[in-house]
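A closer look at the structure
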Amino acid sequence: MKIILLGPPGAGKGTHAKVLSETWKVPHLATGDILRGHIKSGTDLGKKAKDVIEKGGLVSDDLVNAMMFEEISRLPKKEFILDGFPRTIGQAEALDVFLKKNHLRLDAVLDFETDENILIDRLSGRRGCPKCGANYHIRNIPPKKPGVCDKCGAALTQRKDDNPETIRNRFATYQKETSPLIQYYTNANLLVSVDANLDVPSLQKRFRTIFEELKLAV
Ligand code: AP5
């Protein structure tokens, strides 16, 4: 399985990618998580990315492409769920070249369609576990004990870029830079739109049907 999850901030890409990855045993590569890992470890890339991410812009194509192609190259079976990449036409074109060079082909691009008011609610209510990476929402997907991770007991935190001003900038960046990919992947006959307003189990069911239709489910 080689798929891309496309959609605006807060659409549920990360939440669903984690479930898909566990269900289908396919590695999940999330650019945002990888970049935040670089920031945490203080690498050169992390230093370059920090300011951009906190303002809601995009890290340059060259840096992100190099980082992601290295990640994909390391995968033993070259199967993946890409979450947050590509995010510009330049990244999509570079990915096409990389895949062709490596004799790989994408199976599908799942486009998460959601209403903007739902996105704002999801982002402002999102909480994450800094220790094990589990993802929650204070109302939709709450932990059993408020503020505490169900899986490892660590105190949950809010992402720095989940503040109203940065959320506004992230939406604007999505509209300008990323939404043209919908047409790009429609032209490539790879786009499958999904209703990301659905709850998590219902949308996972829909994914199973899509994978069966694409003969990806075994
Ligand atoms: P990234 O971390 O990828 O952020 P994003 O795209 O803005 O997406 P999010 O993680 O905010 O949302 P999501 O769709 O994963 O939603 P989630 O599942 O968490 O990127 C961060 C930054 O890194 C970017 O702004 C950019 O600066 C940089 N970057 C990343 N990739 C780059 C690239 N390719 N090029 C350049 N720069 C790049 O869900 C949100 C909340 O809703 C959660 O609380 C969840 O519990 C809840 N929820 C999810 N689904 C449902 C549901 N169905 N029902 C109810 N609640 C739900």
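Here, every reference points to the structure presented above.
Read on for an overview of the structure. Owing to the predicted nature of the structure, the values given are computational and were not obtained by experimental measurement.

1. Focus: the site of the ligand
Close to the ligand lie 35 residues; T15, G57, R87, R126 and R170 are nearest. R126 places a side-chain nitrogen or oxygen 2.5 Å from an oxygen atom of the ligand. Protein chains shield 96% of the accessible area of the ligand, which is 1,000 Å² for the free molecule. Elements that contribute at least two residues to the shell around the ligand include exactly helix 1 (13–24), helix 2 (31–41), helix 6 (116–124) and strand 6 (135–137). Counting residues per element, the shell around the ligand draws most heavily on helix 2, which supplies 4 residues. For the shell around the ligand, the class distribution of residues is 14 nonpolar, 12 polar and 9 charged.

2. Let's talk about the sheet that holds strand 4 (residues 108–113)
The 5 strands are arranged 2-3-1-4-7 in an open sheet whose pairing can be described as parallel. Strand pairing shows two members of the sheet lacking a second neighbour, strand 2 (28–30) and strand 7 (191–195), which therefore form its edges. The sheet shows a mean angle of 20° between the axes of neighbouring strands, taken without regard to direction. Summarising the sheet, strand 4 and strand 7 pair through 5 bridges and their orientation is parallel. Pairing of E113 across the sheet is with D195, part of strand 7.

Criteria and cut-off values
Residues numbered from 1 in each chain as written. Predicted model: local features only at pLDDT ≥ 70, side-chain atom pairs only at ≥ 80, totals over all residues. Heavy atoms only, no water. Near = heavy atom within 4 Å. Polar contact = N/O pair within 3.5 Å; in protein donor to acceptor, adjacent residues only side chain to side chain. Areas by Shrake-Rupley, 256 points an atom, 1.4 Å probe, with all protein chains shown as cover. Helix = DSSP H or I, 4+ residues; strand = E, 2+ residues; numbered from the N terminus. Nonpolar A, V, L, I, M, F, W, Y, C, P; charged D, E, K, R; others polar. Pairing = 2+ DSSP bridges. Axes fitted to C-alpha atoms, helices over the stretch in contact; angles between N-to-C directions.

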